[in-house]
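# Inside the fold
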Amino acid sequence: MTPSSDESALAPIRLARIGGDGIGPEVVDAAERVVNAVCGDRIEWVEAEMGWRTFERTGRALPEATVEILQNCAGALFGAVSSPSHAVDGYRSPIVELRRRLDLYANLRPLKTGAVDAVVVRENTEGLYAGREHWEREGEVAIAERVISRRATERIVRFACELAQSRAASRGRPARLTVVHKANVLRLSDGLFRETALEVSADFREIAVEEQLVDSMVYRLILEPERYDVIVAPNLYGDILSDAGAALVGGLGVVGSANCGERFCLAEPVHGSAPDIAGRGIANPIAAVSAAALLLDRVGLGDAASRVEEVLAAHRAAGPRSPDRGGAATTEDVVVDLLARV
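The present account deals with the structure reproduced in this document. (Residues numbered from 1 in each chain as written. Predicted model: local features only at pLDDT ≥ 70, side-chain atom pairs only at ≥ 80, totals over all residues. Heavy atoms only, no water.)

## As for the overall build of the protein chain
Our working definition: Secondary structure elements follow DSSP: runs of H or I of four or more residues count as helices, runs of E of two or more count as strands, with numbering from the N terminus. With C-alpha atoms as the basis for the radius of gyration, the globule rule is written as 2.2 Å multiplied by the number of residues raised to the power 0.38. Burial here depends on accessible area, computed with a 1.4 Å probe over protein chains only, as a share of the maximum for the residue type. Under 20% is buried, over 50% is exposed, and the range in between is partly exposed. Note on contacts: a residue pair qualifies if any of its non-hydrogen atoms lie within 4.5 Å across the two residues. Only the protein chains shown count as cover for residues, and all accessible areas are computed by the Shrake-Rupley method using a 1.4 Å probe. Counting rule applied: Lys, Arg positive; Asp, Glu negative; His and chain ends not counted. Charge coordinates come from a single atom per side chain, which is NZ of Lys, CZ of Arg, CG of Asp or CD of Glu.
Looking only at helices and strands, one finds 11 helices and 12 strands in the protein chain. A globule of 342 residues ought to have a C-alpha radius of gyration of about 20 Å, and the protein chain, at 20 Å, matches this closely. If one aligns the C-alpha atoms of the protein chain with their principal axes, the spans along those axes are about 55 × 50 × 40 Å. Within the protein chain, the fraction of its 342 residues that count as buried is 51%. The long-range fraction of contacts in the protein chain, counting pairs at least 24 apart against all pairs at least 6 apart in sequence, stands at 71%. If you sum the accessible surface of the protein chain, you get close to 15200 Å²; carbon and sulfur atoms cover 50% of it. Side-chain charges in the protein chain split into 39 positive and 50 negative, and the spacing between the mean points of these groups amounts to 3 Å.

## Digging into the nonpolar core
A general tendency of soluble globular proteins is for nonpolar side chains to be buried together. Stated formally: We call a set of buried Ala, Val, Leu, Ile, Met, Phe, Trp, Tyr and Cys residues a nonpolar core when their side-chain atoms join them within 4.5 Å.
Ranked by size, the top nonpolar core spans 80 residues in total, and within it Ile43, Leu77, Val121, Val232 and Leu296 carry the most contacts. Element by element, the count of residues in this core is highest for helix H9 (residues 286-298), at nine residues. Discounting chain neighbours no more than four positions away, the residues touching leucine 77 are Ala16, Arg17, Ile18, Val28, Ala31, Trp45, Ala267, Ala288, Ala291, Ala292 and Leu295. Ala48, Ala76, Ile95 and Leu104 belong to the second-largest nonpolar core, a separate cluster that totals 17 residues.

## Side note on the sheet that holds strand E3 (residues 75-80)
Across a sheet, paired strands are connected by hydrogen bonds in the backbone, their directions being either parallel or antiparallel. Our working rule: Only when DSSP finds a minimum of two bridges between them are two strands counted as paired. Axis definition: a line fitted to C-alpha atoms, over the contacting stretch in the case of helices. Angles run 0 to 180 degrees between N-to-C directions.
Read across the open sheet, the 10 strands follow the order E2-E1-E3-E12-E11-E4-E5-E10-E8-E9; overall the sheet is mixed. Two strands lie at the open edges of the sheet, namely strand E2 (43-47) and strand E9 (207-213), each paired on one side alone. Each strand of the sheet is rotated relative to its neighbour by a mean of 25 degrees, with strand direction disregarded. In this sheet, strand E5 (residues 116-123) lies alongside strand E4 (residues 106-113) in antiparallel orientation, the contact comprising eight bridges. Residue leucine 108 lies in a different strand from E5, and its bridge partner there is valine 121. Relative to the sheet, helix H6 (residues 189-201) contacts strand E8 (175-181), E9 and strand E10 (230-233), its axis offset from that of E8 by approximately 165 degrees.

## What about helix H5 (residues 150-171)?
Note the following rule: A helix's residues, less one, multiplied by 1.5 Å, set its expected span.
In this model H5 runs 31 Å from its N-terminal to its C-terminal C-alpha over 22 residues, within 8% of the 32 Å that 1.5 Å per residue would give. When H5 is considered as a whole, its buried residues turn out to be Ala152, Thr153, Arg155, Ile156, Val157, Phe159, Ala160, Cys161, Leu163, Ala164, Arg167 and Ala168. Glycine 172 sits one or two positions beyond H5 and adopts a positive phi of about 65 degrees.

## Considerations on the environment of leucine 241
Within the secondary structure, leucine 241 is located in helix H8 (residues 235-246). Counting along the chain gives 151 residues from leucine 241 to glycine 90, while the straight-line C-alpha distance between them is 30 Å. The residues touching leucine 241, leaving out its near neighbours within four places in the chain, are Val180, Met217, Val218, Leu221, Ile231 and Ala233.

## Some details on the packing of aromatic side chains
Our working definition: Any Phe, Tyr or Trp ring, taking Trp's six-membered ring, that has another such ring centre within 6.5 Å forms a pair; planes under 30 degrees apart are called stacked, those over 60 apart edge-to-face, and the others tilted.
Counted by the stated rule, this structure contains four aromatic pairs. Between phenylalanine 55 and tyrosine 91 the ring centres are 5.3 Å apart and the planes differ by 85 degrees, which places this aromatic pair in the edge-to-face class. One end of the pair, phenylalanine 55, is in helix H2 (residues 52-58); the other, tyrosine 91, is in the loop between E3 and helix H4 (94-101), and 36 residues separate them in sequence. For tyrosine 91, a relative accessible area of 15% translates into the label buried.

## Let's talk about the packing of H5 against H6
Packed helix pairs are characterised by how far apart their axes lie and by the angle those axes make with each other. This is how it is decided: Put simply, angles under 35 degrees are roughly parallel, angles over 145 are roughly antiparallel, angles from 65 to 115 are roughly perpendicular, and the rest are oblique. When the near helix sits turned anticlockwise from the far one by under a right angle, the crossing is termed left-handed; a clockwise turn instead gives a right-handed crossing. Here the term charged refers only to Asp, Glu, Lys and Arg, the term nonpolar to Ala, Val, Leu, Ile, Met, Phe, Trp, Tyr, Cys and Pro, and the term polar to all other amino acids, Gly among them.
Look at H5 against H6: their axes get within 9 Å of each other, and the N-to-C directions meet at 45 degrees. Viewed along their axes, H5 and H6 adopt a mutual orientation that is oblique. Of the two elements, H5 crosses H6, and the hand of that crossing is right-handed. On H6, the residues that touch Arg150, Thr153, Glu154, Ile156, Val157, Arg158 and Cys161 of H5 are Leu192, Phe193, Glu195, Thr196, Ala197, Glu199, Val200 and Ser201. Its residues assigned to classes, the contact of H5 with H6 comprises seven nonpolar, three polar and five charged.

Written out as structure tokens, the structure is:
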């Protein structure tokens, strides 16, 4: 979104904070402190809940009250969710459900460090994550249906093309789009994704468009990350590519993401709930702060988002490192350093 010329004169923007499970509450607290230091009174925070702990206590991983709160906010910052590795009656991933309820169809995962400056745009509502599974023979053969539609593909590719345009304008370089698929094997589903993506991107004549098969894309992303700009992919492929790409820019502890719809943005770190280190004060908050920057930009506070990004860049270059980055800094050490750079 394009910020107002005088954002400070606007009424506070209402955002929800949702700690979730494991280290989620710790990193959300840290990110909120940094955002407040940058934004002052431009943010009004409201509390909401979802996740495995919420399910254990209430029987609902995504309470209806939380959905109602979010429908009255411009966006939300979420920490992490713990999910059981086995089927539990009544449990469904609250993130997957929330994406559906609020139509958060685009997932953005920037990969940025040094010469690497790319972003994975992942279709967020379909694919294998549509949750359409059934038994062919119970306990013996399970079937998962992979859903690809023209409508969802059209809007995610258009979103990616518009993002490529805006990135090109702000960076002063040509726009580039990489369409990822496996249409040589999945001829109907990925074939539809490929065909639709090429049709939509053809309307954006200033964007250089290329195709890449997903398996070779992982290989080339690791070997030549600097050649990529905007990468658009179906749900599962985008998830895998963004996690692989995180290894190139410092690990899952530094990468944020944003689930975007037309009227709402849910931002979250890419990392999981890390229950083994929850409560120990050593979780890396950088990914949550990065997610908060994405959230600020999406709700119209572009100046504040840029400032948070500048603070993060300065910290990563010279600040104390948390254990996941080879150091011994606590969560509080990292936050104090970030705040000192605001």
